[in-house]
Amino acid sequence: MPHIVFERKELINIPSNLDDVEFKFIAKSYNFTQKERKTEYRVAVINQGKEFLLSLKPKDENFMIKADKVTRLSPVTLVKNALNAYVNINEANVLFSNTNNLQVKKETKHEYLKDINYFVSDFKTDKEIQIEIGFGSGRHLLHQAKTNPDVQFIGLEIHYPSIEQLLKQLELQNITNVLVVNYDARLFMEFIESNKVGKIFVHFPVPWDKKPHRRIYSNEFVNEALRVLKIGGTLELRTDSRKYFDFCTQVLTNLPKGRITIDINKDLAVSSKYEDRWKKQGKNIYDVVLEAWNEDENINLDYDFSFDFKIDFYKTIKTIPTKSLIENGYFIHVEEIYTIENKDNSGLIKITMGNFDRPVTKYLLVENGEIKYYQGDPLPTSSNINAHKKLKEILSK
Ligand SMILES: C[S@@+](CC[C@H](N)C(=O)[O-])C[C@H]1O[C@@H](n2cnc3c(N)ncnc32)[C@H](O)[C@@H]1O
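Calculation rules
Residues numbered from 1 in each chain as written. Predicted model: local features only at pLDDT ≥ 70, side-chain atom pairs only at ≥ 80, totals over all residues. Heavy atoms only, no water. UniProt positions renumbered as here; feature names shortened; annotations may be inferred. Helix = DSSP H or I, 4+ residues; strand = E, 2+ residues; numbered from the N terminus. Contact = heavy atoms within 4.5 Å. Areas by Shrake-Rupley, 256 points an atom, 1.4 Å probe, with all protein chains shown as cover. Lys, Arg positive; Asp, Glu negative; His and termini not counted. Charge placed at Lys NZ, Arg CZ, Asp CG, Glu CD. Near = heavy atom within 4 Å. Polar contact = N/O pair within 3.5 Å; in protein donor to acceptor, adjacent residues only side chain to side chain. Nonpolar A, V, L, I, M, F, W, Y, C, P; charged D, E, K, R; others polar. Buried < 20%, exposed > 50% of the residue type's maximum accessible area, 1.4 Å probe, protein only. Pairing = 2+ DSSP bridges. Phe/Tyr/Trp six-rings, centres within 6.5 Å; stacked < 30°, edge-to-face > 60°. Lys NZ or Arg CZ within 6 Å of the ring centre and 35° of its normal.

The protein carries the name tRNA (guanine-N(7)-)-methyltransferase in an unreviewed UniProt entry, which gives Arcobacter ellisii as its organism. Of the comments in the UniProt record for the protein, the one headed Catalytic activity (unreviewed entry) reads "guanosine(46) in tRNA + S-adenosyl-L-methionine = N(7)-methylguanosine(46) in tRNA + S-adenosyl-L-homocysteine". Per UniProt, the protein carries the Pathway (unreviewed entry) text "tRNA modification; N(7)-methylguanine-tRNA biosynthesis."

1. Brief notes about the overall build of the protein
Summing up its helical and strand segments, the protein has 10 helices and 20 strands in all. Partitioning the intrachain contacts of the protein with sequence separation of at least 6 by distance along the chain shows that 69% fall at a separation of at least 24. Per element, the accessible surface of the protein, about 20900 Å² overall, is 44% carbon and sulfur. Here the protein holds 57 positive side-chain charges and 55 negative ones, and the gap between their average locations is 5 Å.

2. A short note on the site of the ligand
Around the ligand there are 15 residues in total, and Gly 134, Glu 157, Asp 184, His 203 and Ser 272 lie nearest to it. Within the backbone of His 203, a nitrogen or oxygen atom sits 2.8 Å from a nitrogen atom of the ligand. Against a free-state accessible area of 600 Å², the protein chains account for coverage of 89% of the ligand. For the shell around the ligand, the per-class residue count stands at 8 nonpolar, 5 polar and 2 charged.

3. Quick look at the UniProt feature "binding site: substrate" (unreviewed entry) in the protein
Taking the UniProt record as the reference, the feature "binding site: substrate" (unreviewed entry) is found at Lys 210 and Asp 240. Within the secondary structure, Lys 210 is located in the loop between β12 (197-203) and α6 (219-228). Given the relative accessible area of 83%, Lys 210 is considered exposed. Examined against the element boundaries, Asp 240 turns out to sit in the loop between β13 (229-239) and α7 (242-253).

4. Things to note about unusual backbone geometry
With an omega of -5°, the peptide bond running from Ile 14 to Pro 15 counts as cis. Here Asn 265, not a glycine, exhibits a phi torsion of approximately 55°, which is positive. Following the sequence through the fold, Asn 265 ends up in the loop between β14 (259-264) and α8 (273-280). Given a relative accessible area of 41%, Asn 265 falls into the partly exposed group. One non-glycine residue, Asn 345, adopts positive backbone phi at about 55°. A relative accessible area of 25% places Asn 345 in the partly exposed class.

5. Points about the pairing of strand β5 (residues 50-59)
For a regular strand, side-chain orientation follows a simple rule: the groups alternate between the two sheet faces. Bridge count for strand β4 (residues 41-47) against β5 is 7 bridges, and the pairing is antiparallel. Bridge pairing links Ala 44 to Leu 53 in β5. Hairpin geometry of β4 and β5 is characterised by an intervening segment of 2 residues between the two adjacent antiparallel strands and by a positive phi of about 50° at Gln 48. Bridging between β5 and strand β6 (residues 62-67) involves 6 bridges; their strand directions are antiparallel. Along β6, the bridge assignment pairs Pro 58 with Phe 63.

6. Observations regarding the environment of Leu 11
Position of Leu 11 among the secondary structure elements: in the loop between β1 (3-6) and β2 (16-18). For the pair Leu 11 and Val 87, spaced 76 residues apart in the sequence, the C-alpha separation amounts to 10.0 Å. In contact with Leu 11, other than residues within four places in its own chain, are Ile 26, Tyr 41, Leu 56, Phe 63, Tyr 86 and Asn 90.

7. A few points about the packing of aromatic side chains
Using the criterion set out here, one finds 21 aromatic pairs in the structure. Ring centres of Phe 23 and Tyr 86 lie 5.8 Å apart, and the angle between their planes is 75°; on these two criteria the pair is classed as edge-to-face. One end of the pair, Phe 23, is in strand β3 (residues 21-30); the other, Tyr 86, is in helix α1 (residues 76-89), and 63 residues separate them in sequence. Taking relative accessible area as the criterion, Phe 23 reaches 0% and is therefore assigned buried. Accessibility expressed as a relative area gives 0% for Tyr 86, which makes it buried. Seen from their ring centres, Tyr 118 and Phe 123 are 6.1 Å apart, and the 55° between their planes marks the pair as tilted. Judged by relative accessible area, Tyr 118 falls into the partly exposed class, the value being 22%. Judged by relative accessible area, Phe 123 falls into the buried class, the value being 11%. A connected cluster of aromatic rings, assembled from ring pairs, spans Phe 6, Phe 23, Tyr 41, Phe 63 and Tyr 86. Here the basic side chain of Lys 114 rests over the ring of Tyr 118, its NZ or CZ set 4.7 Å away from the ring centre.

If you want it as C-alpha cells, here you go:
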C-alpha cells in the first residue's frame, strides 16, 4: 500500500493543485462517539478526472498519508501521484516513501469479464439466459456453453483464480456466449429482469454446515430465482452433502409455487472435479430441481438515491445514532464523521449499510447542507434502497 511518512506540518491550503492533481477540501475527524481518538483528516483529490480521498493521520510525532480504503481506485499511479503532490505542495520533510518504484499490478481485462455495474445498467440480450453459480474449475459451464451456442450464459464466482482460469479457457476454446462476474450469487439475481432465465445451475455449493447463513440457498434466494426463471425454467442443485440436500428440500417444499424433482446418483454429460472426487469416495450425489410455474411481475427499477432536502450539518452530527440500526433485511451504521472547517455547513459522514452479508461502505458528502454519495450512488439492491430510505428518515429529522 503506497504511503508517505513526513514531519508534521500545517495542512496545505485548499484549493491547491500540482501536476494535474487538484485538492478540493480537507475534512477533520469529529468525535461523535465521545471515545478518546486522535484527530485525523480526509483529503479530497481529483486526479485525471477521478475523485477520491487520502487519509492523513498522525504516526508517532509525524504524519502518514495514504489512500483512504473506501474510496481507493485503480490504477495505483493515481494515488501515488496524489500522495507525492500533497507532500510537494506541503514542502514536507519526507521520512519514508514507497511511492516511487511501485509495481503496477496488471489488472485482468477481458471482454467477457464484466463488472457488476454492467448488469445494473447495460446488460441486454434477446437470447435465453442461463446462469451457473460458483462454476469453480468451469468444466460444466464450458460444456454447457459449447453445446448451447444460442444461450447467453452468465458465470458467477467469488474465487478469482477460478475466474482467470475460465477466462483463459473461453479464449482458447473460442467461446463467446459466456459473461463472467465476480459477485456474490446470493445478491446477483436482483439485477436480472423477471422471467428471462432458462436454467440456474448450483453444482456442489459449499455446504457451510457451521455457518448456514452463508449458504446460497435461502428463502430469499429461491424466491429471487423463481422470479427470474421463465415458466418451465429450472433451478438445479447438485450436491454430495446430505445435510445441504435436506436443508434445500425443506426450503423448496415450503414454497407456494414451483415443483421439485429429486434424483440420486444421476449421471450428467459432464462431471466436475468435485464430482469425480466424491464418486471415487463412493458418496451419493443428490439432484434437486425446482421448476418455475408462474409468470412473475417485473421488478420495480424505480429507485432514487438522492437526498431531496438540506441539513444543518453541525446539528445533525450531534444527534446522529452511534449504534447500528438493524431493520428487517438491512442495516445502517455510522462509522465516522469529518467536518470541513473552511466551508459552511459541510462535512463527510462515513456509513456502512445494506445487506448483512454484503454491506457497502460509502461516504456521504455534505456541502452547504446538500447531501450526496461521494463517488456515486450505491448499487441499487433492495437492501441498499431500503437502507437509503431509512438514512433519509434519520438525516431529515
Ligand atoms: C465446492 S466448489 C464447486 C465448484 C464447481 N461448481 C464444481 O462442481 O466443481 C464451490 C464454488 O462456489 C464458489 N462460491 C462460494 N460461494 C459463492 C457465492 N456466494 N457466490 C458465487 N460463488 C460462490 C466458490 O468460490 C467455489 O468455487
